[in-house]
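# Observations on the model geometry
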Amino acid sequence: MSRFASEPHPLPIGIGERAQAYCPPRWLRSGHVQSVWPSLFRRVTLAAPVSEVIKTADDDELHLDWYRQGGRRLAVLCHGLEGHSRRPYIRGLARALLRTGWDVLAWNFRSCGGVMNRQPRFYHSGATEDLGRIISHGLEQDYQSLALAGFSMGGNLSLLYLGEQGSDLDPRIRGAVTFSVPCDLAGSADMLARPSRRIYMQRFLRDLHVKMSEKARLFPDLIDVSGFESIRNFHQFDDRYTAPLHGFKSAADYWARCSALGQLRSISVPALMVNAADDPFLSSSCFPESRQLLGKNVILETPKWGGHVGFVEHARDGYYWSERRAVAFLEQLA
């Protein structure tokens, strides 16, 4: 018996009925409360993973966390903007999947997880070559099947990868489940530029300032952080840093080329996108309803509540609703 299977945490209960509808307590029926509560108060108990570092084609490194228990199915988990592989939402889903027989691989985007990467570039919403490297590495471990799970930016990345692969997708990749997906990056940037979202934007920019200052120290001829304090939104940040460092003409060019929205109809495997109606990060364009945009394999669910990567539950078994929904969907793909 693996160390994960022998832990006292139970199987997620209510996978059938409770995974179909999310109805939080009244005091959690706020997109803003849902969005900040888990970061402030959630703690997920889980045995430590086995860490691994793998190389990229451009002489960089990706840092991975493995949760292995001898399963034949592998779930690859992708975190959100300025997140990392040990955030509560990643560990919460890993715990639920482990208890239902999956092995789990959670990875850190370049420059995330406390280790600065080697190259001037860092990460962005369309870095599907890095996700492809992770998937190839996972499949080299002789798993029979693989599924993707992504949150926020990691959800966009997962769906974009599947769309780009289209009918050429490796047949061992069975599908994906994603939450709080800014599938229209321009629309999400507009939302976060609103004065009412300043608290979120300030936190992102504070963390990115630290990161870009380190990049400027390593690559002073390429990166300059003077005047960074004048940056107020992603329009300015992506124009100044993300676009030029990753080969895009501008923020608008980056958003247009890396939004999953235009690739959804090309996805060839079942994919679930769960975007809460009260998510303060998402514009109306992140809720595509037409089959012409979604394609035949993408399912969009829009719970009334949930915020951004929230879906909080105060349940006896310790799981959040998003974890029940993810397990229920992925079990259908096995």
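Everything in this summary refers to the structure shown in the same document. (Residues numbered from 1 in each chain as written. Predicted model: local features only at pLDDT ≥ 70, side-chain atom pairs only at ≥ 80, totals over all residues. Heavy atoms only, no water.)

Assigned secondary structure in the protein chain consists of 10 helices and 8 strands. For 334 residues, the compact-globule estimate of 2.2 N^0.38 gives 20 Å, and the protein chain sits close to it at 19 Å. Principal axes of the C-alpha set define a box for the protein chain whose edges measure 55 × 45 × 40 Å. When the 334 residues of the protein chain are sorted by exposure, 60% land in the buried category. Of the contacts made within the protein chain by residues no fewer than 6 positions apart, 77% connect residues no fewer than 24 positions apart. One finds the centroid of the 40 positive side-chain charges in the protein chain at a distance of 6 Å from the centroid of its 35 negative side-chain charges. (Helix = DSSP H or I, 4+ residues; strand = E, 2+ residues; numbered from the N terminus. Rg over C-alpha atoms; globule rule 2.2 N^0.38 Å. Buried < 20%, exposed > 50% of the residue type's maximum accessible area, 1.4 Å probe, protein only. Contact = heavy atoms within 4.5 Å. Lys, Arg positive; Asp, Glu negative; His and termini not counted. Charge placed at Lys NZ, Arg CZ, Asp CG, Glu CD.)

So, about empty space enclosed by the protein. A full pass over the atoms with the stated rule returns 1 cavity of 30 Å³ or more. Of the volumes computed, that of the largest cavity is approximately 30 Å³. What lines the largest cavity is simply Trp107, Phe109, Arg110, Tyr123, Ala127, Asp130 and Leu157. A breakdown of the residues in the lining of the largest cavity according to their chemical character gives 5 nonpolar, no polar and 2 charged. (1 Å grid on protein atoms, 1.4 Å probe; cavity = no way out; pocket = protein on both sides within 12 Å on 5 of 7 lines; lining within 4 Å. Points joined across faces, edges and corners; volume = space filled by probe spheres on them. Nonpolar A, V, L, I, M, F, W, Y, C, P; charged D, E, K, R; others polar.)

This brings us to the layout of surface pockets. Regions of empty space are outlined by a rolling probe, equal in size to a water molecule, passed over the atoms. Its volume calculated, the largest pocket comes out at about 910 Å³. Around the largest pocket sit 44 residues that line it, and Leu81, Ser152, Phe204, Phe281 and His308 are the ones nearest its centre. Secondary-structure elements contributing two or more residues to the lining of the largest pocket are helix 1 (31-41), helix 2 (88-99), helix 5 (185-192), helix 6 (198-218), helix 7 (234-245) and helix 8 (251-258). In terms of residues, the lining of the largest pocket owes the most to one element, helix 6, which gives 6 residues. For the lining of the largest pocket, the residue count by class is 27 nonpolar, 11 polar and 6 charged.

Right, let's get into the packing of aromatic side chains. Throughout the structure, instances matching the rule amount to 20 aromatic pairs. A ring pair is formed by Phe122 and Tyr123, whose centres lie 5.7 Å apart and whose planes are at 90 degrees; its orientation type is edge-to-face. Comparing Phe122 with Tyr123 shows no difference in burial state: the two are buried. Where Phe122 meets Phe237, the ring centres are 6.4 Å apart and the plane angle is 70 degrees; that geometry is what we call edge-to-face. (Phe/Tyr/Trp six-rings, centres within 6.5 Å; stacked < 30°, edge-to-face > 60°.)

Let us now look at the pairing of strand 5 (residues 145-151). Here strand 5 lies mainly inside the structure; 7 of its 7 residues are buried. On strand 5, burial covers both faces: Ser145, Ala147, Ala149 and Phe151 on one face and Leu146, Leu148 and Gly150 on the other are all buried. By the bridge criterion, 6 bridges tie strand 3 (residues 73-78) to strand 5 in an arrangement that is parallel. If you follow Leu77 over to strand 5, its bridge partner there is Ala149. Here 6 bridges tie strand 5 to strand 6 (residues 173-179), and the two strands are oriented parallel to one another. Bridge pairing in strand 6 places Ala147 opposite Gly175. Each parallel crossover has a hand, and for strand 5 linked through helix 4 (residues 153-165) to strand 6 it is right-handed. (Pairing = 2+ DSSP bridges. Right-handed = clockwise from strand over helix to strand, strands pointing away.)

With that settled, consider the side chain of Arg42. With respect to the secondary-structure elements, Arg42 resides in the loop between helix 1 and strand 1 (50-55). Polar side-chain contacts of Arg42 include one of 2.7 Å to the side chain of Glu323. Excluding residues that lie within four positions of it along the chain, Arg42 makes contacts with Trp37, Pro88, Gly92, Arg95, Gly318, Tyr319, Tyr320 and Glu323. (Polar contact = N/O pair within 3.5 Å; in protein donor to acceptor, adjacent residues only side chain to side chain.)

Below, the discussion takes up helix 6. The terminal C-alpha atoms of helix 6 lie 30 Å apart, and with 21 residues this matches the ideal 30 Å at 1.5 Å per residue to within 8%. Listed in full, the buried residues belonging to helix 6 are Tyr200, Met201, Phe204, Leu205, Leu208, Lys211, Met212, Lys215 and Ala216. Buried residues of helix 6, viewed axially, fall in a sector of 145 degrees; they line one side. Of the residues in helix 6, the exposed ones pointing more than 90 degrees away from the buried face are Ile199, Val210 and Arg217. Elements in contact with the buried residues of helix 6: helix 1, helix 5 and helix 7. (Expected span 1.5 Å × (residues − 1). Arc of directions from axis to C-beta.)

Glycine aside, residues mostly have negative phi, and peptide bonds are mostly found in the trans state. Phi at Ser152 takes a positive value of approximately 55 degrees, unusual for a residue other than glycine. Turning to its location among the elements, Ser152 is positioned in the loop between strand 5 and helix 4. Overall, Ser152 belongs to the buried group, its relative accessible area being 10%. Phi is positive for Val309, close to 50 degrees, though the residue is something other than glycine. Position of Val309 among the secondary structure elements: in the loop between strand 8 (298-301) and helix 10 (321-331).

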